[in-house]
Amino acid sequence: MSKLRIRNVRLSSKDNRSYRERCAYHATLRRIESGEREADTRRHVTAWAEQVACRIIAQQHEQDRRNIISWEELTVYGHYARKYKETDGIFKLDQGSMLLEVKASTSPASIRKGRKQLNENLSLLDQTRDRFSGMLVLFDCSQLSPEFAAPAQGTVEHLKNSGEYGIVQGLDWALDPGRFSKWLWLVDAQGVEQIISRYGPPAEIEAVSTSEDSRF
């Protein structure tokens, strides 16, 4: 009988020793390969979008601190290697849990990547005993940085009309967990401005603004 390609899928927290060691190893490699790097505004805005999305959802649903997916995957050498994926968030629902995938752009490339990542992670989690749904979160952060492409309205409308997702928009909404297996949360530029007014701007954007103001 042939071996399963993937086995022993489970959730773990960031304090998992093997995961921390793996992160430290790859962080060292990145420092060696890239050297000194300038501040990455795109990365800071994306991290901010993930944090505020989790903060808003946590007002309704308990966040699961086990946001790392780990599994064993069969290698070309015939043995299993432990692998890890850090998710953007996992929340406990009345029935099962919900996996979050957050993008700070509504460009076609971001949408394609977000859909792919959400589907791949849900496929992994299907091998656990728990029931999972998913939410793709799309923030239009194009006004925060020129590094983010302008929103692709046609692509967004196609996604909304596909029937694949339950749609929620803006900041004030509630889920009907049993109705859909996947959700799409859309936050347009005006919604992003409302989030900034409530929770503050991305740290890097705030730091740059402060630095520029100090010159006058």
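Computed from a prediction, not measured in an experiment: that's the story for all the values here. (Residues numbered from 1 in each chain as written. Predicted model: local features only at pLDDT ≥ 70, side-chain atom pairs only at ≥ 80, totals over all residues. Heavy atoms only, no water.)

Asker: Can you walk me through the sheet that holds strand β5 (residues 89-92) in this structure?
Answerer: Sheets are built from strands paired through backbone hydrogen bonds, the pairs being either parallel or antiparallel. Strand order in the open sheet formed by 6 strands is β2-β5-β6-β7-β9-β8, and the pairing between neighbours is mixed. Only two strands of the sheet have a single neighbouring strand rather than two, namely β2 (62-63) and β8 (166-169). With 6 bridges connecting them, strand β7 (residues 132-139) and strand β9 (residues 182-187) associate as parallel partners. When the bridges of β9 are listed, Leu138 appears paired with Leu186. Across the sheet, helix α2 (residues 41-57) lies against β2, β5, β6 (97-103), β7 and β9, angled at about 145 degrees from β6, the strand it touches most. (Pairing = 2+ DSSP bridges. Helix = DSSP H or I, 4+ residues; strand = E, 2+ residues; numbered from the N terminus. Contact = heavy atoms within 4.5 Å. Axes fitted to C-alpha atoms, helices over the stretch in contact; angles between N-to-C directions.)

Asker: Explanation requested: the side chain of Ser133 in the structure shown.
Answerer: Along the chain, Ser133 turns up in strand β7. Given a relative accessible area of 8%, Ser133 falls into the buried group. (Buried < 20%, exposed > 50% of the residue type's maximum accessible area, 1.4 Å probe, protein only.)

Asker: Please explain the nonpolar core as it appears in this structure.
Answerer: Nonpolar side chains tend to gather and get buried jointly when the protein is soluble and globular. Residues Trp48, Leu100, Met135, Phe139, Trp185 and Ile195 are the most contacted members of the largest nonpolar core, which totals 30 residues. Those elements giving two or more residues to this core turn out to be α2, β6, β7, β9 and α5 (189-199). The element contributing the most residues to this core is α2, with 8 residues. Once residues lying within four places of it in the same chain are set aside, the contact partners of Leu100 are Ala53, Cys54, Ile57, Asp88, Gly89, Phe91, Met135 and Val137. Of all hydrophobic cores here, the second largest spans 20 residues; its members include Leu11, Trp71, Leu99 and Leu124. (Core = buried A, V, L, I, M, F, W, Y, C linked by side-chain atoms within 4.5 Å.)

Asker: Help me out: how do you make sense of the packing of α2 against α5 in this one?
Answerer: Pairs of packed helices are described in terms of their axes, by the angle between the two and the distance that separates them. Running from N to C, α2 and α5 point in directions that differ by 75 degrees, and their axes come no closer than 12 Å. Judged on the interaxial angle alone, α5 and α2 are roughly perpendicular. Where α2 abuts α5, its residues Trp48, Val52, Arg55 and Ile56 lie against Val192, Ile195, Ile196 and Tyr199. (Parallel < 35°, antiparallel > 145°, perpendicular 65-115°, else oblique.)

Asker: Help me understand unusual backbone geometry, please; the structure alone is not making it clear to me.
Answerer: With phi around 55 degrees, Asn8 is a residue other than glycine that occupies positive phi space. For Asn8, the location among the structural elements is in strand β1 (residues 6-12). Under the relative-accessibility criterion, Asn8 is labelled partly exposed at 42%.

Asker: Explain the pattern of salt bridges to me, please; I cannot follow it from the model alone.
Answerer: Once the charged atoms of two side chains with opposite charge are near each other, the side chains can pair. Taken as a whole and assessed by the stated rule, the structure comprises 14 salt bridges. Close ionic contact of Lys14 with Glu86 constitutes a salt bridge, the shortest N to O distance being 2.9 Å. With Lys14 in the loop between β1 and α1 (17-34) and Glu86 in strand β4 (residues 80-86), this residue pair connects regions lying 72 residues apart in the sequence. Classification of Lys14 by relative accessible area gives partly exposed; the value is 44%. (Salt bridge = Lys/Arg side-chain N within 4 Å of Asp/Glu carboxyl O.)

By themselves these figures say nothing about function.
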